[in-house]
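Observations on the model geometry
The primary structure of each chain is shown beneath.
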Amino acid sequence: PDAAKRQKETGDAKKDAGDASGAIEAYRAALQAFPKYAEAYEAMGEVYFSSKQFEDAVKSFQYAVQLDAGYALAWYNLGFAARKANQHATARDAYAAYLKIKPDDADGHYGYAETLRALDDRAGALKAFETYLTVAGNKPDQAKWLPKAREQIAALKAELAAAAPP
């Protein structure tokens, strides 16, 4: 594990320096030294995500959560990467797992709501956006998303009312 840790640290430094291919190479070396290194898979997924290689990011995050089912960051990143890759069922499941670990995280609820919306689960999305509003409260870091969530709630309520039998 020491050699793997050193390789991961090298990968982190290369990632921070903007050297995506060098970071991936170092993370792969870390995983050769210690194949059950969830943090190396998660970090590799972040590099793939930053490079807009969303399918590869999804795979890396999936390996991380398979190795450590309690790895909240990897679950969140899996949900976000899967959304970007249009793998909405995977995203839904990842956000659900994440929210079991971090039920008070506003970003997780927003991502979950957007994912349910993409899956055309209007009732589920409505509930998730409403939960997001409750969890987000008036947190300054959520200021950009609060109006969007309110717009989605209004739209979903209108859609559900229009679809309801008379």
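In case you missed it, the structure is sitting above this.
Residues numbered from 1 in each chain as written. Predicted model: local features only at pLDDT ≥ 70, side-chain atom pairs only at ≥ 80, totals over all residues. Heavy atoms only, no water.

**Description of the overall build of the protein chain**
Within the protein chain, the regular secondary structure consists of 9 helices and 0 strands. When its C-alpha atoms are laid out on the principal axes, the protein chain stretches across 65 × 30 × 25 Å. By the burial criterion, 40% of the 166 residues in the protein chain qualify as buried. Taking contacts inside the protein chain between residues at least 6 apart in sequence as the whole, the part at least 24 apart equals 45%. With the model as given, the accessible surface of the protein chain reaches about 9,000 Å², and the carbon-plus-sulfur share is 51%. Once the 22 positive and 23 negative side-chain charges of the protein chain are each reduced to a mean point, those two points are 2 Å apart. (Helix = DSSP H or I, 4+ residues; strand = E, 2+ residues; numbered from the N terminus. Buried < 20%, exposed > 50% of the residue type's maximum accessible area, 1.4 Å probe, protein only. Contact = heavy atoms within 4.5 Å. Areas by Shrake-Rupley, 256 points an atom, 1.4 Å probe, with all protein chains shown as cover. Lys, Arg positive; Asp, Glu negative; His and termini not counted. Charge placed at Lys NZ, Arg CZ, Asp CG, Glu CD.)

**Examining the nonpolar core**
Formed by 35 residues in total, the largest nonpolar core has its most connected members in Met-44, Trp-75 and Leu-78. Contributions of two or more residues to this core are made by helix 2 (20-33), helix 3 (38-50), helix 4 (54-67), helix 5 (72-84) and helix 6 (88-101). In this structure, Leu-78 is in contact with Val-58, Phe-61, Gln-62, Val-65, Thr-90 and Ala-94, ignoring residues within four places of it in sequence. Core analysis: the second largest hydrophobic core is formed by 15 residues, Phe-129, Val-135, Ala-136 and Leu-156 among them. (Core = buried A, V, L, I, M, F, W, Y, C linked by side-chain atoms within 4.5 Å.)

**Description of the environment of Lys-59**
Mapped onto the elements of the fold, Lys-59 is located in helix 4. For Lys-59, a relative accessible area of 48% gives the class partly exposed.

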